[in-house]
Amino acid sequence: MNLTGKIAIVTGAGQGIGKAIGLRLANAGAAVAILDLNLSSAEEVAKEIEKIGQRALPIQADVSQSSEVNAAVDDVLSEFGRVDILVNNAGIAGRTLPLTDLEESDWNAVLGVNLTGVFLCCKAVIGTMIEQDYGRIVNVASIAGKEGNPTMIPYSVSKAGVICLTKALAKEVTDYNIRVNAVSPAVIETPIMDGMAQTTIDYMVSKIPLGRIGKPEEVAAVVNFLASDEVSFVTGQCYDVSGGRATY
């Protein structure tokens, strides 16, 4: 799963799963663009990557805004000359409330980042990947997108959309040596949990046969495979990183 010479973009890479993915890809040999809404967090991760001897580019961007996404990709192309790998990790949980208590703004905020953001980032890189006849796109979905978590309707729907977007796009680009896959983590120990109700966390953990919360590094290991040349005959798939929660 060596990535020497590859150029990767990881969104939401200033913390949590995104940070673990950025470090994992860098350790595998890739230069990594760290996209995050929080520039200082992106800069800290970039420094960690540079310490292990790889190039890194911190970029502040809101993935729900096409102008910022396009500008970020232009910056990466200007710095590195190409984009080989895109990992769409940026996401928010939103408020954990029943449908009766949700506002339209809750729906729009979560869908904007989690689903529209994936669409915009894929659209921004797919042209250059087609031109260079090579690309690896990995979208971070969620078990919630397969099973639906109560009090997390916008989040669950957004992640279901990410899985379907993955499958549809994969079929569009098979002629260009581009592979598009997704990972579906169960609950992972990251800062995104800070805004969740404890009852929601307890519900999710209770569904995991391994009986524990996952680690960001465990998700990053699967992403490393899906971002590599070893994934040559795998596309349009969704790999669970769920401790056995889902088996389909």
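Each value, and the rule that gives it
- Residues numbered from 1 in each chain as written.
- Predicted model: local features only at pLDDT ≥ 70, side-chain atom pairs only at ≥ 80, totals over all residues.
- Heavy atoms only, no water.
- Helix = DSSP H or I, 4+ residues; strand = E, 2+ residues; numbered from the N terminus.
- Rg over C-alpha atoms; globule rule 2.2 N^0.38 Å.
- Buried < 20%, exposed > 50% of the residue type's maximum accessible area, 1.4 Å probe, protein only.
- Contact = heavy atoms within 4.5 Å.
- Areas by Shrake-Rupley, 256 points an atom, 1.4 Å probe, with all protein chains shown as cover.
- Lys, Arg positive; Asp, Glu negative; His and termini not counted.
- Charge placed at Lys NZ, Arg CZ, Asp CG, Glu CD.
- Core = buried A, V, L, I, M, F, W, Y, C linked by side-chain atoms within 4.5 Å.
- Polar contact = N/O pair within 3.5 Å; in protein donor to acceptor, adjacent residues only side chain to side chain.
- Arc of directions from axis to C-beta.
- 1 Å grid on protein atoms, 1.4 Å probe; cavity = no way out; pocket = protein on both sides within 12 Å on 5 of 7 lines; lining within 4 Å.
- Points joined across faces, edges and corners; volume = space filled by probe spheres on them.
- Nonpolar A, V, L, I, M, F, W, Y, C, P; charged D, E, K, R; others polar.

Visitor: A description of the overall build of the protein chain should follow, citing residues and the corresponding values.
Guide: What the protein chain contains, in helices and strands, is 8 helices and 7 strands. Here the protein chain has a C-alpha radius of gyration of 17 Å; the compact-globule value for 248 residues is 18 Å, and the two agree. Counting only C-alpha atoms and orienting by the principal axes, one finds that the protein chain spans roughly 50 × 35 × 30 Å. Relative to its 248 residues, the protein chain shows a buried fraction of 52%. Considering only intrachain contacts with a sequence separation of at least 6, the fraction spanning at least 24 residues in the protein chain is 73%. Looking at the protein chain as shown, the accessible area adds up to about 10800 Å², and 51% of this sits on carbon and sulfur atoms. Charge-centre separation for the protein chain: the mean point of 19 positive side chains lies 7 Å from the mean point of 28 negative side chains.

Visitor: Please set out the nonpolar core residue by residue, giving values where relevant.
Guide: Membership of the largest hydrophobic core comes to 37 residues, with the highest contact counts inside it found for Ile-9, Val-76, Leu-86, Val-125 and Ile-137. Elements with a contribution of two residues or more to this core: strand E1 (7–11), strand E2 (31–36), strand E3 (56–60), helix H3 (66–80), helix H4 (104–132), helix H6 (153–172) and strand E6 (178–185). Of the residues forming this core, the biggest block, 8 residues, is contributed by H4. Ignoring any residue separated from it by four or fewer positions in sequence, one finds Val-76 in contact with Ile-7, Ile-9, Ala-33, Leu-57, Ile-59, Gly-81, Arg-82 and Val-83. Counting residues in hydrophobic clusters, the runner-up holds 32 residues, among them Ile-21, Ala-56, Ile-85 and Val-241.

Visitor: Lay out the environment of Gln-198 in plain terms, naming residues and giving numbers.
Guide: Structurally, Gln-198 is set in helix H7 (residues 198–206). Judged by relative accessible area, Gln-198 falls into the partly exposed class, the value being 49%. In this structure the C-alpha to C-alpha distance between Gln-198 and Gly-18, which are 180 residues apart in sequence, comes to 23 Å. Polar contacts involving the side chain of Gln-198 include one to the side chain of Asp-202, which spans 2.8 Å.

Visitor: Tell me about H7, and name the residues and values.
Guide: Within H7, burial applies to Thr-200, Ile-201 and Met-204. Looking straight down H7, one finds its buried side chains confined to an arc of 100 degrees; they lie on one side. Among the exposed residues of H7, those pointing more than 90 degrees away from its buried face are Thr-199 and Ser-206.

Visitor: Can you lay out the layout of surface pockets for me, pointing to particular residues and giving the numbers?
Guide: Picture a little ball the size of a water molecule; that probe, rolled over the atoms, points out where space is still empty. Computed from the structure, the largest pocket encloses a volume of approximately 740 Å³. Along its surface, the largest pocket is lined by 40 residues, and Asn-89, Ala-90, Gly-91, Ile-92 and Ile-192 are the ones closest to its centre. Contributions of two or more residues to the lining of the largest pocket are made by helix H1 (16–27), E2 and H6. The leading source of residues in the lining of the largest pocket is H1, at 3 residues. Residue composition of the lining of the largest pocket, by class: 23 nonpolar, 13 polar and 4 charged. Here the second largest pocket defines a volume of roughly 180 Å³. Those elements that provide at least two residues to the lining of the second largest pocket are H4 and H6. For the lining of the second largest pocket, the class distribution of residues is 7 nonpolar, no polar and 2 charged.

Visitor: So, empty space enclosed by the protein: which residues are in play, and what are the values?
Guide: This structure, assessed with the given rule, holds 1 cavity of 30 Å³ or more. Its boundaries defined by the atoms lining it, the largest cavity holds a volume of some 30 Å³. Taken together, Ala-93, Gly-94, Arg-95, Leu-102, Asp-106, Val-110, Pro-154 and Tyr-155 form the lining of the largest cavity. Among the elements of the structure, H4 and H6 are those that each provide at least two residues to the lining of the largest cavity. Residues that form the lining of the largest cavity fall into these classes: 5 nonpolar, 1 polar and 2 charged.

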